[in-house]
Amino acid sequence: MTHAEGKTQRISPRQFHEAVGVEDWRVLGEGACTHFRTGSFAAGARLVHEIGERVGLADNVPDIDLRSEGVTVRLITITDDYYGLTEGHIELARQISAVARELGVSADPSAVQTVQVAIDALVGPDVIPFWRALLGYRDRTDSEEDLIDPHRRGAPLFVQQMDAPRPQRNRLHVDVFVPHDQAEARIAAAIAAGGHLVTDEFAPSHWVVADVEGNEACVGTCGWPGPEPERQMKPSQQTACG
């Protein structure tokens, strides 16, 4: 394998988390992410500038969100046939973390999350064109069930295939992907705020919770570092992380 091939080799969320030197990062539903608490817009702008100047970004340009309180960075490869992480993201994560440390900026991976909207559909191909047109989204080229914002700002949309009508439950819900070490705390907070646990059957891949009126949401993780329970999941029960 050449150096170039190694940088583009596809890896799983678990493989990313098992790598050395990526402790600042957490894999979510849309790639490896972290948040740097800069404390000011000017300090954040300096960090973004240094990342652009000092880190080799030719092959893996990160998505960077600069705000007054900090900088959020996301690493993901989006091609015609792939939506996920590659070997090169490991070294890029290490380099970005090193730049932040040199500037005295601390990482807070507990602050990252991604949100996805999921729609239950009996005939997904009949539903997707409407949402594609309404949102101005495009197909995720490696999936027939996912739509993404071409500007990578809005929450992705997942059309979940259902085997039968489910009139007694809501047909649209939110998936919240959080760091694997924050999931249980997030669920506890939701329950303390009046919600309840619907099922943990699919944990640690995801949990289903609901508000006081029964509106459901999923809390999902990617790259869980512990042992995975053995189960056979139906396609309609899988999260975007697989």
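The rules behind the values
- Residues numbered from 1 in each chain as written.
- Predicted model: local features only at pLDDT ≥ 70, side-chain atom pairs only at ≥ 80, totals over all residues.
- Heavy atoms only, no water.
- Pairing = 2+ DSSP bridges.
- Helix = DSSP H or I, 4+ residues; strand = E, 2+ residues; numbered from the N terminus.
- Contact = heavy atoms within 4.5 Å.
- Axes fitted to C-alpha atoms, helices over the stretch in contact; angles between N-to-C directions.
- 1 Å grid on protein atoms, 1.4 Å probe; cavity = no way out; pocket = protein on both sides within 12 Å on 5 of 7 lines; lining within 4 Å.
- Points joined across faces, edges and corners; volume = space filled by probe spheres on them.
- Nonpolar A, V, L, I, M, F, W, Y, C, P; charged D, E, K, R; others polar.
- Core = buried A, V, L, I, M, F, W, Y, C linked by side-chain atoms within 4.5 Å.
- Buried < 20%, exposed > 50% of the residue type's maximum accessible area, 1.4 Å probe, protein only.
- Domains from an automatic or database assignment.
- Patch = residues over 30% accessible without salt bridge, like charges linked within 9 Å, V, L, I, M, F, W, Y side chains within 5 Å.
- Areas by Shrake-Rupley, 256 points an atom, 1.4 Å probe, with all protein chains shown as cover.
- Salt bridge = Lys/Arg side-chain N within 4 Å of Asp/Glu carboxyl O.

Caption draft 1: Spotlight on the sheet that holds strand 12 (residues 157-161). Strand order in the open sheet made by the eight strands is 10-11-12-9-13-16-15-14, with mixed pairing throughout. The open sheet has two edge strands with one neighbour each: strand 10 (138-139) and strand 14 (196-199). Note: strand 15 (residues 206-210) against strand 16 (residues 216-220), five bridges, orientation antiparallel. Considered in strand 16, the bridge of Val209 is made with Ala217. Contacts from helix 5 (residues 124-135) reach strand 9 (114-121), strand 10, strand 11 (146-148) and strand 12 within the one sheet, and its direction differs from that of strand 12 by about 170 degrees. Sitting on the sheet, helix 6 (residues 183-192) touches strand 13 (172-177), strand 14, strand 15 and strand 16, and the angle it makes with strand 15 is about 10 degrees.

Caption draft 2: Local environment of the layout of surface pockets. Reported here for the largest pocket is a volume of approximately 580 Å³. What lines the largest pocket is a set of 22 residues, among which Asp65, Thr72, Arg74, Arg152 and Arg153 lie closest to the centre. At the level of secondary structure, the elements contributing two or more residues to the lining of the largest pocket comprise strand 3 (31-37), strand 4 (63-66), strand 5 (71-75) and strand 9. In the lining of the largest pocket, the residues fall into eight nonpolar, six polar and eight charged.

Caption draft 3: Spotlight on the nonpolar core. Grouped together as the largest cluster of nonpolar side chains are 28 residues, with contacts concentrated most on Phe16, Trp25, Leu47, Leu75 and Ile96. Breaking this core down by element, the ones donating at least two residues are strand 2 (26-28), strand 3, helix 3 (41-54), strand 5 and helix 4 (87-102). If you tally residues by element for this core, the top one is helix 4, at six residues. Excluding residues within four positions of it along the chain, Phe16 makes contact with Ile11, Val22, Trp25, Val27, Ala32, Leu85, His89, Ile90 and Ala93. Listed in part, the nine residues of the second largest apolar core include Val178, Ala183, Trp207 and Trp224.

Caption draft 4: Just the side chain of Glu30, in detail. Looking at the secondary structure, you find Glu30 in the loop between strand 2 and strand 3. Overall, the relative accessible area of 13% leaves Glu30 in the buried class.

Caption draft 5: Inspection of empty space enclosed by the protein at higher detail. In total, this model carries two cavities of 30 Å³ or more according to the counting rule given. Here the second largest cavity is characterised by a volume of approximately 40 Å³. Residues of the lining of the second largest cavity, tallied by class, amount to four nonpolar, one polar and four charged. Viewed by domain, the lining of the second largest cavity spans two of them, domain 1 (10-108) and domain 2 (117-220), each represented by three or more residues.

Caption draft 6: Summary view of a nonpolar patch on the surface. Taken together, Phe130, Leu134 and Leu135 make up a surface patch of nonpolar side chains, about 300 Å² in accessible area. Its place among the elements puts Leu134 in helix 5.

Caption draft 7: Quick peek at the pattern of salt bridges. For the structure on display, the rule yields 14 salt bridges. The salt bridge partner of Arg54 is Glu50, with a shortest N-O separation of 3.1 Å. One end of the pair is Arg54 and the other is Glu50, both in helix 3 and four residues apart, which spans about a single turn. Put simply, Arg94 and Glu91 hold a salt bridge, and the shortest N to O gap is 3.3 Å. Here the residue Arg94 and the residue Glu91 both occupy positions in helix 4, the gap between them amounting to three residues, near one helical turn.

Caption draft 8: Fine view of the environment of Gly214. Tracing the backbone shows Gly214 in the loop between strand 15 and strand 16. Gly214 sits in the partly exposed class, given a relative accessible area of 31%. Taking C-alpha positions, Gly214 is 8.0 Å from Asn170, a pair spaced 44 residues apart along the chain.

Caption draft 9: Expanded view of the environment of Val208. The topology assignment puts Val208 in strand 15. Judged by relative accessible area, Val208 falls into the buried class, the value being 8%. Once the C-alpha coordinates of Val208 and Val198 are considered, the two residues, 10 residues apart in sequence, prove to be 5.3 Å apart. In this structure, Val208 is in contact with Leu197, Val198, Thr199, Glu216, Ala217 and Cys218, ignoring residues within four places of it in sequence.

Caption draft 10: Fine view of the sheet that holds strand 1 (residues 10-11). Ordered by their spatial adjacency, three strands build an open sheet running 1-7-6, and the pairing between neighbours is antiparallel. Each edge of the open sheet carries a strand with a single partner, namely strand 1 and strand 6 (77-78). Sheet topology note: the strand 1/strand 7 (residues 83-86) ladder contains two bridges and is antiparallel. By the bridge assignment, Arg10 is partnered in strand 7 with Thr86. Helix 4 contacts strand 1, strand 6 and strand 7 of the sheet and is inclined by roughly 65 degrees relative to strand 7.

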